[in-house]
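Chains, contacts and geometry: an overview
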Amino acid sequence: MGSPTIYTCKKCEYTATVSGGWDVGFIAIIATMHCQDCDELFDVSIGFTPGASAQQVEEARKETWECPQCKTGGLERWYDGYPCPRCDGEMDKEESGLMWD
């Protein structure tokens with residue numbers, strides 16, 4: 001099961017609940033992305049585990065690599081330890097206690 005983390009900027013207080021890089025669940029492999037147009041962080045599916053069914057793979061392939069906020073595709077990978085996407089401030093992290101997949 002994957003587990004997202006809550007990232008909060010110490011400077012501007014921007015908050016995002018994302019995996020902070022790569023994460024793997026029972027079915028999906030995801031990566032955290034940064035939208036260069038609106039400076040949002042979010043996770044996208046980038047692959048599948050051997051346990052994924054054909055139907056699950058087909059449904060996930062319908063997803064596009066676009067920002068859910070502004071619907072553009074100017075994306076780059078973002079990892080735990082990178083600065084805030086909005087102000088380059090330091091990001092604090094806290095376990096969310098959530099699990100996905």
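The structure reproduced in this document is the subject of the present report. Because the structure is predicted, anything quoted here is derived from the model rather than measured.

The next thing to look at is the overall build of the protein chain. When helices and strands are counted, the protein chain shows one helix and seven strands. Each helix (α) and strand (β) of the protein chain, taken in turn from the N terminus, gives the series β-β-β-β-β-α-β-β. Taking 13 Å as the expected radius of gyration for a compact globule of 101 residues, we find that the protein chain reaches 14 Å, a close match to that expectation. Principal-axis analysis of the C-alpha atoms places the extent of the protein chain at approximately 45 × 30 × 15 Å.

If you walk through the whole model with that rule in mind, you get three aromatic pairs. Each ring, one from Tyr7 and one from Trp78, has its centre 5.1 Å from the other, and the planes form 85°; the classification is edge-to-face. Residue Tyr7 is located in strand β1 (residues 5–9), and its partner Trp78 is located in the loop between β6 (75–77) and β7 (91–95); the two are separated by 71 residues in the primary sequence. Across this residue pair, the class does not change: Tyr7 and Trp78 are buried. Where Trp78 meets Tyr82, the ring centres are 6.4 Å apart and the plane angle is 75°; that geometry is what we call edge-to-face. Judged by its relative accessible area of 3%, Trp78 falls in the buried class. What makes Tyr82 partly exposed here is its relative accessible area of 39%. Clustering of aromatic rings is evident, with ring pairs tying together Tyr7, Trp78, Tyr79 and Tyr82.

With a phi close to 70°, Glu13 is a non-glycine residue in the positive phi region. Of note in the backbone geometry, Lys71 takes a positive phi value of approximately 65° without being a glycine. Position of Lys71 among the secondary structure elements: in the loop between α1 (54–61) and β6.

Cut-offs and rules
- Residues numbered from 1 in each chain as written.
- Predicted model: local features only at pLDDT ≥ 70, side-chain atom pairs only at ≥ 80, totals over all residues.
- Heavy atoms only, no water.
- Helix = DSSP H or I, 4+ residues; strand = E, 2+ residues; numbered from the N terminus.
- Rg over C-alpha atoms; globule rule 2.2 N^0.38 Å.
- Phe/Tyr/Trp six-rings, centres within 6.5 Å; stacked < 30°, edge-to-face > 60°.
- Buried < 20%, exposed > 50% of the residue type's maximum accessible area, 1.4 Å probe, protein only.

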